[in-house]
Amino acid sequence: MRKRSLAPTFLHAPACMQKVRSAAGAVLLLIALFFTLLLSAQSTHTVKGKVTNQKGEPLEGASVTAKGANTGTSTDASGNYTLQVANAQSTLVFSNVGYADKEVAVNGQSSIDVQLQQGTADLGEVVVVGYGSQRKRDLTGAVAVVETGEVTKRQATTIGEALQGLASGVFVRGGGQPGSEARVEIRGLKNLTGTNPLYVIDGMITYANRDFNPNDVESIQILKDASAAAIYGSRAANGVIIITTKKGKKGPMRVDFAAKTSIQTTPRWDLAGKDEFVRLNYMAYDNANVPRQNLNLDVTTDWQDESFQTGYMQDYNVSFAGGGDNGSYMVSANYFKNKGAVISTGFDRISLRVNSQGSKGIFSFGENLAISNAKSDEMSGNPYADVVRLLPTIPVYDPANPGGYGYGSESRARTFGTNPVAIADLEDRALENFRVRGNIWGELKLLPFLKYRANFGYETSADNYRYKRKEGNWTLNQAYDPAIFNENRARYQSMLVENTLSFNKRFGKHSVNAIAGQTYQRDNYGQIWGTKRNILQNSSSGSYYWVLDQGSEPQVGGYDQKAILLSYLGRIEYNFADKYLLNAVVRHDGSSRLGRNEQWGTFPSVSAAWRVSNEEFFKVNFVNDLKLRISHGTLGSSSNLGYWDYLPVINTFSTIAMGTGQNVLPGATQVRLANQDLRWEKLTQTNFGVDASLLNSKLSVTAEYFIAKTTDVLTYMPILMTTGNDGGNPAVNAASLRNTGFELSATYRAEAKDFSYYVTANVTTLRNKILNLGYGRNDIFTGTTVTKLGSPAAMWFLLQTDGLFQTQEEVTNYKNKDGITIQPNARPGDLRFVDHNGDGQITNDDKIVLGSPWAKWELGLNMGASYKNFDLTMNWFGSFGSTVYNGYRSLVDRFDDNSNYREGIQPWTPDNTNTNVPRAFYGSTLNSRGDSDRWLESGTFMRLKFVSLSYRLPDALIKRIGFANAQITISGQNLLTFSSFGGLDPEFNNGNMFERGVYGFQFPNLKMYSAGLQFGF
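Residues numbered from 1 in each chain as written. Predicted model: local features only at pLDDT ≥ 70, side-chain atom pairs only at ≥ 80, totals over all residues. Heavy atoms only, no water.

### Re the overall build of the protein
- When you go through the protein residue by residue, the secondary structure sums to 11 helices and 51 strands.
- Compactness check: the protein gives a C-alpha radius of gyration of 32 Å against a globular reference of 31 Å for 1017 residues, within 12% of the reference.
- The principal-axis extents of the C-alpha atoms in the protein amount to approximately 105 × 85 × 75 Å.
- Taking all contacts inside the protein whose residues are at least 6 apart in sequence as the whole, residues at least 24 apart take part in 69%.
- Taken together, the 101 basic and 93 acidic charged side chains of the protein have centroids lying 7 Å from each other. (Helix = DSSP H or I, 4+ residues; strand = E, 2+ residues; numbered from the N terminus. Rg over C-alpha atoms; globule rule 2.2 N^0.38 Å. Contact = heavy atoms within 4.5 Å. Lys, Arg positive; Asp, Glu negative; His and termini not counted. Charge placed at Lys NZ, Arg CZ, Asp CG, Glu CD.)

### Examining the UniProt feature "domain: TonB-dependent receptor plug" (unreviewed entry) in the protein
- In this numbering, the UniProt entry assigns the feature "domain: TonB-dependent receptor plug" (unreviewed entry) to residues 136-240.
- Across residues 136-240, the secondary structure splits into 13% helix and 26% strand, with the terminal C-alpha atoms separated by 17 Å. (UniProt positions renumbered as here; feature names shortened; annotations may be inferred.)

### Here we look at the domain arrangement of the protein
- Taken domain by domain, the protein consists of domain 1 (1-36), domain 2 (41-119) and domain 3 (127-250).
- Placing the centre of domain 2 and that of domain 3 at their C-alpha centroids yields a distance of 31 Å. (Domains from an automatic or database assignment.)

### Quick look at the side chain of Asn974
- Position of Asn974 among the secondary structure elements: in strand β49 (residues 965-979).
- One polar contact links Asn974 to Lys945, side chain to side chain, over a distance of 3.0 Å.
- Ignoring anything within four residues of it in the chain, the contact list for Asn974 reads Arg943, Leu944, Lys945, Asn1005, Leu1006 and Lys1007. (Polar contact = N/O pair within 3.5 Å; in protein donor to acceptor, adjacent residues only side chain to side chain.)

### Details of the sheet that holds strand β47 (residues 936-938)
- Strand order in the open sheet formed by 3 strands is β47-β46-β50, and the pairing between neighbours is mixed. On the outer flanks of this sheet lie β47 and β50 (998-999), each paired with one strand and no other.
- Pairing between strand β46 (residues 883-886) and β47: 3 bridges, direction antiparallel. Residue Tyr885 lies in a different strand from β47, and its bridge partner there is Leu936. (Pairing = 2+ DSSP bridges.)

### Observations regarding the sheet that holds strand β39 (residues 785-788)
- Pairing in this open sheet of 4 strands is antiparallel, and the strands run β38-β39-β40-β43 from one edge to the other. Looking at which strands have only one partner, the edges of the open sheet turn out to be β38 (779-782) and β43 (848-849).
- Here β38 runs beside β39; their pairing, made up of 4 bridges, is antiparallel. Note on β39: the bridge partner recorded for Thr782 is Thr785.

### Observations regarding the nonpolar core
- In this structure, Trp269, Tyr384, Val388, Tyr888, Phe895 and Phe1001 are the most contacted members of the largest nonpolar core, which totals 51 residues.
- Those elements giving two or more residues to this core turn out to be α5 (274-287), α7 (383-389), α8 (420-426) and α10 (889-892).
- A per-element tally of this core places α5 first, with 7 residues.
- For Trp269, the residues in contact, after removing those within four places along its chain, are Gln304, Tyr384, Val387, Val388, Tyr888, Gly982, Gly983, Leu984, Tyr999 and Phe1001.
- Among the nonpolar cores identified, the runner-up in size contains 28 residues, and Val127, Ala229, Ile231 and Ala236 belong to it. (Core = buried A, V, L, I, M, F, W, Y, C linked by side-chain atoms within 4.5 Å. Buried < 20%, exposed > 50% of the residue type's maximum accessible area, 1.4 Å probe, protein only.)

### Examining the environment of Ala483
- Within the secondary structure, Ala483 sits in the loop between β23 (450-469) and β24 (484-507).
- For Ala483, a relative accessible area of 2% corresponds to the buried category.
- Beyond its immediate sequence surroundings of up to four residues, Ala483 is in contact with Arg469, Lys470, Glu471, Lys532, Arg533, Asn534, Ile535 and Tyr544.

### A few points about the packing of aromatic side chains
- Counting across every chain of the model gives 36 aromatic pairs.
- When the centroid spacing of 6.4 Å and the interplanar angle of 85° are considered together, the rings of Tyr888 and Phe1001 count as edge-to-face. Taken together, the residues Tyr888 in the loop between β46 and α10 and Phe1001 in the loop between β50 and β51 (1007-1016) connect sequence positions 113 residues apart.
- Using a relative accessible area of 2% as the deciding quantity, one classes Tyr888 as buried. (Phe/Tyr/Trp six-rings, centres within 6.5 Å; stacked < 30°, edge-to-face > 60°.)

### Digging into α5
- Here α5 is 14 residues long and its end C-alpha atoms lie 20 Å apart, about the 20 Å a rise of 1.5 Å per residue gives.
- All of the buried residues in α5 are Lys274, Glu276, Phe277, Val278, Leu280, Asn281, Tyr282, Met283, Ala284 and Tyr285.
- Among the residues trailing α5, Asn289 stands out with phi positive, at a value near 55°. (Expected span 1.5 Å × (residues − 1).)

Take a look at the structure:
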């Protein structure tokens, strides 16, 4: 049966909306009458008081609610609150993040002061789970609640970068390049492209990219399993990160200001100086019997000094928040600047946010609006590789070269490294992005247990990319290019419309919470660009006219992309006696990115939990709460598909000469075959979980084990060009893979008089296995890796070495079983390779699997302690058991290429045989092959990601100057790393799934030293 297309879904939308409006009008009249009678019958009672911690210190922002009602408020900066309850016999519930809930009966009292006890369980905390919220204690799926304070303490450009080590099952890799965005993976390998998770900010499906201000974050929840994420259906296979931004609270306006400044330093290579380089270079040439280069011994250049600098960051944030009985507001502004530790790199961001909400009778409404403008000075080339490739005998400047920069010559320095100083001057890449993102929502309380909510989201961005290329060269044998200017302008728009109806009611021991809804999201992205060559130069000033109406040889282009996602969703949560919990979710999605016969998919899940600790037979005194969970569900993904991948690509540039006059006529030809049956990738996942709170809620433990299988994995199948396919390989749903893992999170928190502390550990283990590659394929070879059926992806597939030949006799005697000398051309000091297939020669057929790039386990260790007004925080992160490929060593230790060498390297010589480095030889030998295990190293490391010491100024002092609080902080990031890895940074980021363990001169994480000031009034 042919499935329906998205287009007809909207044909009858106006008529449907008219019916909805008519019904809503009738309902509103009845509701108004009902609430008028209800409100007139109520008699309220006012309660005031103060909420403090165990030290007697006021708790700002603590929640005070009337049990069983929707009435509530929050404490102000002094811990005070005022609340009107329905009657004098109500019960108040006091809660705050990091503290155990407390219930107090009013019993006619007008003043109630409460002291909350600290505890890690915080089971009464309400967490956002997608289109709603739940008490943390009632969760049946795998949801990680990130401690927001740990995120905002770090100096980070993006939220993803700051999440590392703060939640189990979340893999984060970033770098120190200004404006760069971290790669985030939730629960390991889901497909063969490694796409990022879905971000939801204040209900808006969007991205928490570099133009989002991390200082605005109020809470972060990570939905990890199929049950928790199924409400987002086809976009949730890679996990979901839900971010809620700060809101105003009842009380007078509060102003908070935070300023932080940081300096950054980059790690450096241990490279040979001029004298050591010259000695080694001459040795390599002499051993190869090749005439030496005529090196310029009058020049000594430290290319790292020329290319690297001290970077700095500035981060200023101010917010204004407050509210009254019927509404609240929060306004924040941020300025962030990062001058890079590499020359000609930088990032600037200015952002503004306005969040407000209010209520009147049965109506509630609000908006969240964020405006930002971000500019980045993009890095040209790769200075971290170029400072290695360039020789210390090459000058930075050389007037004899076009542009006036030095980069070697055929006779004096034959290298093809790029002069970083030259390319920073002659080439400029800048990207500016202006973004508006927000949503408006409204709620109508139809009945005390029934609520309708409408959410309208909109996001738009305007991108402007400018590429300027001056005349001049930066590398040897570079072809001449005139001055070139390219400008690219793009516009992105996303519109979201959501309608949900929620039901929440208790029936004795039974509690039912249900939601049903419909969502519609439309994305548009358009781009135009133009390029001109021979840009004019001002003869007086030397500057260029960087505008597209100058120059010659114009080129233009552009495209337009559109996508629609239409969805229907439902969820029901059932709770019996706070012991037995059941959750069922279903979402039905239709996407325009897929083939017309495969547009729709259904994604169900079910989960259950048993709170053992509430059973009468459970009498373990030191266990405060114990819950067992299980879930199973299906998620989808098409995020790694383009907008039009199901359509063939037509090239309209072709022409043909026809007729007796040979007239040239336009033509068109299909250059890329398409798969019109593209469908969703489907992830089926089963999760087993345990949540426990122990020792008077001082210790909380969560453990998870999951089994995930992804089928219909999208991959691009190679097709012969003789078929006419010349536009790239078409996407097909061909592969499947399995992913399993264990996660453990534990937090211990204790307090005694003036001293308190906490320790949190997050441990993750992941294993993946390829089940099918489709169309009879058994393996995929990519560079130095192989992805085989029945094995993890991207395993190292290399030649195996077996030490060095020490004598010619060893070379001669190295034979196979048939007596054939295996490496007859080798010499003493050369590498000995293992002839695995026994054919008497070293070829690609001798490669074997020699290790895995996947860590066996990862650890996040977060610790904090407070003594009186001092706070100390430490975040450690470690990765253990992986094997990585060191691309740096494969360059500096080869000797067959004119690059610099590793400082202190000791190649084999007849007088230096106690070494593992083969002889220096400027020529092609097996020693220099890049596909051997010579370049494999341990990827294990442990790093101090963050450490800070804060001091809260005494109350007596800050009150004299009119402040409510003030704090000064000093901190550092990436200060200590324990690793045997020979590259700059074992925590490198390689986004290619098939080469994720290849270290190829990626921008490293930088050491950072920061000082900050915070105050509020």
